[in-house]
Amino acid sequence: MSIFVIAYYSLLLIASCLAAFYNQRSAFLLVFSLTLVSFIVGIIGGADALKFIAAIAAAIALAAMVSYAFREFVIIIVSNEMAKELRTAPLTAAFGMFVIFTYAIAGIFAPWIAPFGEAEVIASAFAPADENMLLGADQLGRDMFSRLIYGTRNSVGLALTATLLAFFVGAFLGLLAATKGGFLDNFLGRVADVIMSIPSLIFALLMLSIFGPSMPVIIIAVSIIYAPRVFRLTRAVAGDVVVMDYIEAAKLRGEGTWYLIRREILPNSTAPLVAEFGLEFCFVFLLVAGLSFLGLGIQPPTADWGSMVRENATLISFGEITPLIPAAAIALLTVGVNFVVDWMLHRSSGLKE
Amino acid sequence: MPYDKTKKDVLLKIRNLKIQGYSDESWVDIIKGVDLTLHRGEVMGLIGESGAGKSTIGAAAMGYARDGTRISEDSSIEFDGMELTTATEGERRALRGNRIAYVAQSAAASFNPAHKIIDQHTEGPLQYRLKKRMEAQEDAIDLYNRLRLPNPDEIGFRYPHQVSGGQLQRAMTAMAMSCRPDLIIFDEPTTALDVTTQIEVLAAIRDIVDQFDTAALYITHDLAVVAQMADTIKVLLKGEEVEEGSTAEMMSNPKEEYTKSLWAVRSFKSPQRSREGRDCLISVKNVDAAYSAGPKILDDISFDIYEGMTVAVVGESGSGKSTAARVITGLLPPQKGEVLFKGEPFPADYRNRNKEQLRQCQMIYQMADTALNPKVKISEIIGRPARFYSGLKGAALKARVDELLDLIELEPSQYYNRYPPELSGGQKQRIGIARALAAEPSFIVCDEVTSALDQLVAEGILRLLDRLQDELNLAYMFITHDLATVRSIADEVVVMQNGKVVEQGPKDEMFKPPHHPYTDLLLSSVPEMDPDWLTTLLEERGLENLGESASKQIDPEDDKIMPSDA
């Protein structure tokens, strides 16, 4: 039996005994069930399987510690009211915020963080990683790590712009439809139905092959696809608000539509809209990545995670995980954003009680 | 009726009950150590203002604490020898519906609209395997009979929305009885009902509790109601007991100051004003109205409102009171007839009225919660009409808001930057009044402004409205179904039934015979503080001459009668 196995089991057992002794019920259950699982897996798979489990447990523990520290840090630096809200955030939400924070830093400071240029050829094709290149080179000999960093800026920036545009258009029309009602409401609703009846990927491919794949076309196409969803949600949320007595009071006072939307309805519909924003952002992000993978998204040599997966796809057959790294970057961001959104959804539904 | 406590066993014994709520990251006591002893067959009335913890104690009697609250560990709730605080969730669950039943305030919201009433009724007996389905249904019909529901054989096979509110509340009481529980908790069962409906429900509840010798906790804020129902009364204030005693003793001889103040509400009465020397402000002339293609809600309505006077519009729900207000404010253009303002016709649709016309006619709503935007600061809520109509800005606007807050007796510096959800019900209603005043109107529609408030708070609002009326020469159209409110604030009364005006005139005349039969029914249905009131009334009038059934027999065209004819 190797030293690792002995150390691993004794650490787990000491931790579970301590947890039991100090009456930490949930911690004890967690640690001891990990011990039992390791025990079974260790018998079947030997020391290697045990190392794998230990690595996963360590990664989760590390993520939890980072999230915890990050949350405490944010609580200290923000104002009182924000801090009160943040204390209710679960660790998953804190993890999500940390991920978003990291991506934002990577995107904003890309030229300073990346050691090489976005399209700079520095090695032979598919050169393995060395002390110069953290993740090796891609199919043209460009630094993978640098392209990943620049990709944050392009992929996330594009998705964010498209989502924002979809939200402005959808939310504005939704509020207008709910406030005005009647013909306008019906008309906008039917237009939204028509757009939603077209499969989104096919619609995007159609638009891009007609107008050519350029940034503005991608942004507009994607926002046209997603605006109807935002429209429908906003209309439903605002529909509940417009029947309130305070809206009637404002109408009787003689207020105009714009005032009603801006001051009376919008402040009461923001919580579900913010939550929806996070969700839609993920969908948009995946759609943009999918378009890039198909070669109709952001065009080379601009770095983009979707196209990076495609360009390096051949490496998979050689057992290399390089093409999976941009894919993992997409997955991590999506998961992180969803963690935050879950928390916000929980909060906004809690407010209704 | 005096109650001999020694005769029967103790059913429910609550000792040192503390219930805590989680707020601002710490546990705060909501109920601060209340003791309660309930014997078999005893009816105890729990009264107090909202926030006193009545409903919380009612739920705790079932061993239940709402989300975000917990029962403190040193409390003890003993139901028939069983300690509920330490019982498992399964054990407590086995009691609920079976041995302890609950009747909620809003039957309409508590019944599942997707199932027939009788299926919901028989769920309990079937769940606990007390009866077979057919037996349970027969028993349900028997109970409907005892509760004097119309068509008892058939009514259970309807869906909840096909039955009126009062009938639904009785069906819910029948449902609570389905397993013949030892204890029923009535949580404000008649608060949402009209006076005429309330009386039927009260009589039915009292009978059935007597017949089966069931113990009950009767939670309400209406003293006159509790006087009819309870053997003993416990008064609560902010989670603490004020005093407890038998009903007769508590009514005649309360010890604590707080109890006396509760008993003394409704003493406020504004002096009667007369039309002499005043101009007619609003005149409603032969108005018919309906919602889109539906049936006529208003049928040939005419009444006048004079400057600086209060006209109370009285009637059951569905009689068209609020619709009349909507016609005046322009939210519902009438089909026929018109509304005159100072002799000039008012445009029928509010969208066609100019700023000046809109300013003249303001509204105060029943539910202050939905009438104030929860995301807007108080200063903005009150300030907006002032800025909108008078164009005030900066310091002048702030001065005006301060002045308005002073007027409604709230300290300006404390409330200026707060949001509506941080205020209590009475304070919110005051903000609603300030918003109406900010427009400097000559006429305000008050739509059931006090019905959602506790009696003490409601009285404060009525006094405020009366004071403002004298200071600012306001005319009120006061919509209410509460005749006590009419008595205290009205100058003139309009009685409505089924969209028609059945009687109108100065207040003093309205409260003196002869009455129209419908007015007579309304007046006689208002509970009085006398514990024997319900018994006497039932003896005098008989069951068929009370409540919904009686109001259906009355034709709005009937002649006036003397009460002795009834």
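Residues numbered from 1 in each chain as written. Chains lettered and ligands numbered in written order. Predicted model: local features only at pLDDT ≥ 70, side-chain atom pairs only at ≥ 80, totals over all residues. Heavy atoms only, no water.

Participant: How should the overall build of chain B be read in this particular structure?
Facilitator: Per the secondary structure count, chain B includes 24 helices and 21 strands. Counting only C-alpha atoms and orienting by the principal axes, one finds that chain B spans roughly 70 × 60 × 45 Å. The buried share among the 566 residues of chain B stands at 55%. The distance from the centre of the 65 positive side-chain charges to the centre of the 88 negative ones in chain B is 5 Å. (Helix = DSSP H or I, 4+ residues; strand = E, 2+ residues; numbered from the N terminus. Buried < 20%, exposed > 50% of the residue type's maximum accessible area, 1.4 Å probe, protein only. Lys, Arg positive; Asp, Glu negative; His and termini not counted. Charge placed at Lys NZ, Arg CZ, Asp CG, Glu CD.)

Participant: Please explain the interface of chain B and chain A as it appears in this structure.
Facilitator: A common way to report how large an interface is uses the accessible area buried once the components associate. Facing 23 residues of chain B, the contacting portion of chain A comprises 17 residues. Across the chain B/chain A interface, buried area totals approximately 1,900 Å², and carbon plus sulfur atoms make up 51% of it. On the chain B side of the contact with chain A, Tyr365, Thr370 and Asn373 of chain B bury the most area, a combined 26% of that side's loss. For the pair chain B and chain A, the number of links is 3 salt bridges. A salt bridge links Glu255 of chain A to Arg384 of chain B; the nearest nitrogen and oxygen atoms lie 2.6 Å apart. Between chain B and chain A we count 11 residue pairs in polar contact (both at pLDDT 80 or more) in total. Contributing elements (two or more residues each) for the side of chain B that touches chain A: α12 (321-329), α14 (368-371) and α15 (378-390) of chain B. (Contact = heavy atoms within 4.5 Å. Buried area = accessible area lost by both parts, 1.4 Å probe. Salt bridge = Lys/Arg side-chain N within 4 Å of Asp/Glu carboxyl O. Polar contact = N/O pair within 3.5 Å; in protein donor to acceptor, adjacent residues only side chain to side chain.)

Participant: Explanation requested: the pattern of salt bridges in the structure shown.
Facilitator: Pairing between side chains of opposite charge can happen when the charged atoms of each approach one another. A full pass over the atoms with the stated rule returns 46 salt bridges over all chains. Note that Arg418 of chain B is salt-bridged to Glu422 of chain B, the shortest N-O span being 3.4 Å. Using a relative accessible area of 45% as the deciding quantity, one classes Glu422 of chain B as partly exposed. In this structure, a network of salt bridges that share partners links the residues Asp138, Arg142, Arg147 and Glu311 of chain A.

Participant: Explain the packing of aromatic side chains here, please?
Facilitator: Aromatic ring pairs are described here by two measures, namely the spacing of the ring centres and the angle between the planes. Counted according to the given criterion, the structure contains 18 aromatic pairs over all chains. Seen from their ring centres, Phe21 of chain A and Tyr22 of chain A are 5.2 Å apart, and the 85° between their planes marks the pair as edge-to-face. This pair shows no difference in class: Phe21 of chain A is exposed, exactly as Tyr22 of chain A is. Site record: aromatic cluster; members linked through ring pairs are Phe4, Tyr8, Tyr9 and Phe39 of chain A. The ring of Tyr259 of chain A is capped by Arg384 of chain B, whose NZ or CZ atom sits 3.8 Å from the centre of that ring. In this arrangement the basic side chain of Lys398 of chain B is found over the ring face of Tyr416 of chain B, its NZ or CZ atom lying 4.5 Å from the centre. (Phe/Tyr/Trp six-rings, centres within 6.5 Å; stacked < 30°, edge-to-face > 60°. Lys NZ or Arg CZ within 6 Å of the ring centre and 35° of its normal.)

Participant: Would you take a moment to explain unusual backbone geometry for this structure?
Facilitator: Across the chain, the bulk of peptide bonds are trans and the bulk of non-glycine residues have phi less than zero. Residue and element names in this part refer to chain B. You will see that Arg129, though not glycine, has its phi angle at about 55°, which is positive. Positive phi outside glycine occurs at Glu448, with the angle close to 50°. Looking at where Glu448 falls in the secondary structure, it is placed in the loop between β18 (443-447) and α19 (455-472).

Participant: Sorry if this is basic, but what is going on with the sheet that holds strand β15 (residues 336-341) of chain B here?
Facilitator: Strand pairing in a sheet relies on backbone hydrogen bonds, with the paired strands running either antiparallel or parallel. Residue and element names in this part refer to chain B. Strand order in the open sheet formed by 4 strands is β13-β12-β15-β16, with antiparallel pairing between adjacent strands. Among the strands making up the open sheet, the edge pair consists of β13 (296-306) and β16 (344-345). Here strand β12 (residues 280-290) pairs with β15 via 5 bridges, running antiparallel. Residue pairing in the sheet places Ser283 in a bridge with Leu340 of β15. Packed on one face of the sheet, α12 meets β12, β13 and β15 and runs near 65° to β13. (Pairing = 2+ DSSP bridges. Axes fitted to C-alpha atoms, helices over the stretch in contact; angles between N-to-C directions.)

Participant: Explain the state of the cysteines to me, please; I cannot follow it from the model alone.
Facilitator: All names here are of chain B. According to the stated counting rule, one finds 0 disulfides over all chains in the structure shown. Here Cys280 is not disulfide-linked; the sulfur of Cys361 is the nearest cysteine sulfur, at 14 Å. Taking relative accessible area as the criterion, Cys280 reaches 26% and is therefore assigned partly exposed. Considering cysteine sulfurs only, Cys446 is the nearest to Cys361, which forms no disulfide, with 11 Å between them. (Disulfide = S-S within 2.5 Å.)

Participant: What exactly am I supposed to notice about the nonpolar core here?
Facilitator: Burial of nonpolar side chains together is a common tendency in soluble globular proteins. Residues and elements named next belong to chain B. Within the largest apolar cluster, 53 residues are counted, with the highest numbers of intra-cluster contacts made by Ile382, Leu405, Ile431, Ile433 and Leu465. Setting aside its immediate chain neighbours within four residues, Leu405 contacts Ile378, Ile382, Leu410, Pro412, Tyr415 and Ile431. Ranked by size, the runner-up nonpolar core spans 52 residues in total, among them Ile47, Leu147, Ala174 and Val209. (Core = buried A, V, L, I, M, F, W, Y, C linked by side-chain atoms within 4.5 Å.)

Participant: Could you clarify how one ought to interpret the pairing of strand β8 (residues 183-187) of chain B in this entry?
Facilitator: Along any regular strand the residues' side chains alternate between the sheet's two faces. Residues and elements named next belong to chain B. Across the 5 residues of β8, 5 count as buried, placing the element largely inside the fold. Side chains Leu183, Ile185 and Asp187 of β8 all project onto a buried face; the interleaved residues Ile184 and Phe186 project onto the opposite face, where all are buried too. As judged from the 4 bridges shared by strand β7 (residues 100-103) and β8, these two strands associate in the parallel manner. Bridged to Ile100 within β8 is Leu183. Here 5 bridges tie β8 to strand β9 (residues 215-220), and the two strands are oriented parallel to one another. Following the sheet pairing, Ile185 is matched in β9 by Leu217. With helix α8 (residues 195-212) bridging β8 and its parallel neighbour β9, the resulting β-α-β unit is right-handed. (Right-handed = clockwise from strand over helix to strand, strands pointing away.)

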